Amino acid sequence: MDIRKLQRIIVNALEDVKAKDIQVFNTTKQTALFDRVIIASANSNRQARALGHHVFCEVKENGGEAVAIEGLETGEWVLVDCGNVIVHILQPALRAYYNLEELWGAHPVKLKMLEKQSEDSEEE
């Protein structure tokens, strides 16, 4: 699956469940293990678990590779391995403490408007 399509599916899934402060980083120059890191915040353990599960299911339903999901037990930090994309969903305090943006944030990816929003405006 094209990396841009995969990251769009993931971002849409995160936005569906109201994730906060979604950021996408291109990691191709930093590691050969994956091409993107997506970081998002959740307001509660329940929301973090729901976000992780929704991302995992949406990637699989759209023909992507959803390899594993970790952290559902506590919901403080949920990691979804989607092959070429790694998704981190964290509670705000943990996100501030670990500051993953400093580690992976050298090359941010700018995202276009949601495809859903542009489709809705076409219908009107």
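Residues numbered from 1 in each chain as written. Predicted model: local features only at pLDDT ≥ 70, side-chain atom pairs only at ≥ 80, totals over all residues. Heavy atoms only, no water.

A. Local environment of unusual backbone geometry. In this model, aspartate 21 sits at a positive phi of 45°, which is unusual for a non-glycine residue. Residue placement: aspartate 21 occurs in strand β1 (residues 20-26). Its identity as a non-glycine residue notwithstanding, asparagine 99 has a phi of 45°, on the positive side. Turning to its location among the elements, asparagine 99 is positioned in the loop between α3 (92-98) and α4 (100-104). (Helix = DSSP H or I, 4+ residues; strand = E, 2+ residues; numbered from the N terminus.)

B. Structural context of the environment of lysine 5. Positionally, lysine 5 belongs in helix α1 (residues 3-16). It is 9.8 Å that separates the C-alpha atoms of lysine 5 and asparagine 62, two residues lying 57 residues apart in sequence.

C. Region of interest: the pattern of salt bridges. The tally for this structure, following the rule as stated, stands at 2 salt bridges. A salt bridge links arginine 95 to aspartate 21; its shortest N-O distance comes to 3.4 Å. Of this pair, arginine 95 sits in helix α3 while aspartate 21 sits in strand β1, and the two are 74 residues apart along the sequence. A relative accessible area of 46% places aspartate 21 in the partly exposed class. Notably, a salt bridge pairs arginine 95 with glutamate 101, separated by 2.5 Å at the nearest N-O pair. Neither arginine 95 nor glutamate 101 differs from the other in exposure class; each is buried. Each of Asp21, Arg95 and Glu101 takes part in one network of salt bridges that share partners. (Salt bridge = Lys/Arg side-chain N within 4 Å of Asp/Glu carboxyl O. Buried < 20%, exposed > 50% of the residue type's maximum accessible area, 1.4 Å probe, protein only.)

D. Seen up close, the sheet that holds strand β4 (residues 77-81). Across the sheet, 5 strands lie side by side as β1-β2-β5-β4-β3; this open sheet has mixed pairing. Single-partner strands in this sheet number two, and they are β1 and β3 (68-70). The average undirected angle you get between the axes of adjacent strands in this sheet is 10°. By the bridge criterion, 5 bridges tie β4 to strand β5 (residues 85-90) in an arrangement that is antiparallel. From the neighbouring strand, leucine 79 faces β5, where its bridge partner is histidine 88. Contacting β1, β2 (36-41) and β5, α1 runs over the sheet at an angle of about 10° to β2. Against the sheet, helix α2 (residues 45-61) engages β2, β3, β4 and β5, with an angle of about 5° to β4. (Pairing = 2+ DSSP bridges. Axes fitted to C-alpha atoms, helices over the stretch in contact; angles between N-to-C directions. Contact = heavy atoms within 4.5 Å.)

E. Main features of the confidence of the model for the chain. For the chain, per-residue confidence averages 88 on the pLDDT scale, and 90% of positions sit at 70 or higher. Across residues 114-124, confidence stays below pLDDT 50; counting only partners more than four residues off in sequence or on other chains, it has 5 contacts. (pLDDT = per-residue confidence, 0-100.)

F. Just the pairing of β4, in detail. What you see with β4 is a clean split: Val78 and Val80 sit on the buried side and Trp77, Leu79 and Asp81 on the side with no burial. Here β3 pairs with β4 via 3 bridges, running antiparallel. The partner of glutamate 70 across the bridge, within β4, is leucine 79. Hairpin connection between β3 and β4: a loop of 6 residues separates the two successive antiparallel strands, and glycine 71 in this loop has a positive phi of roughly 95°. The loop that links β4 with its antiparallel partner β5 comprises 3 residues; one of these, glycine 83, has a positive phi angle of about 75°.

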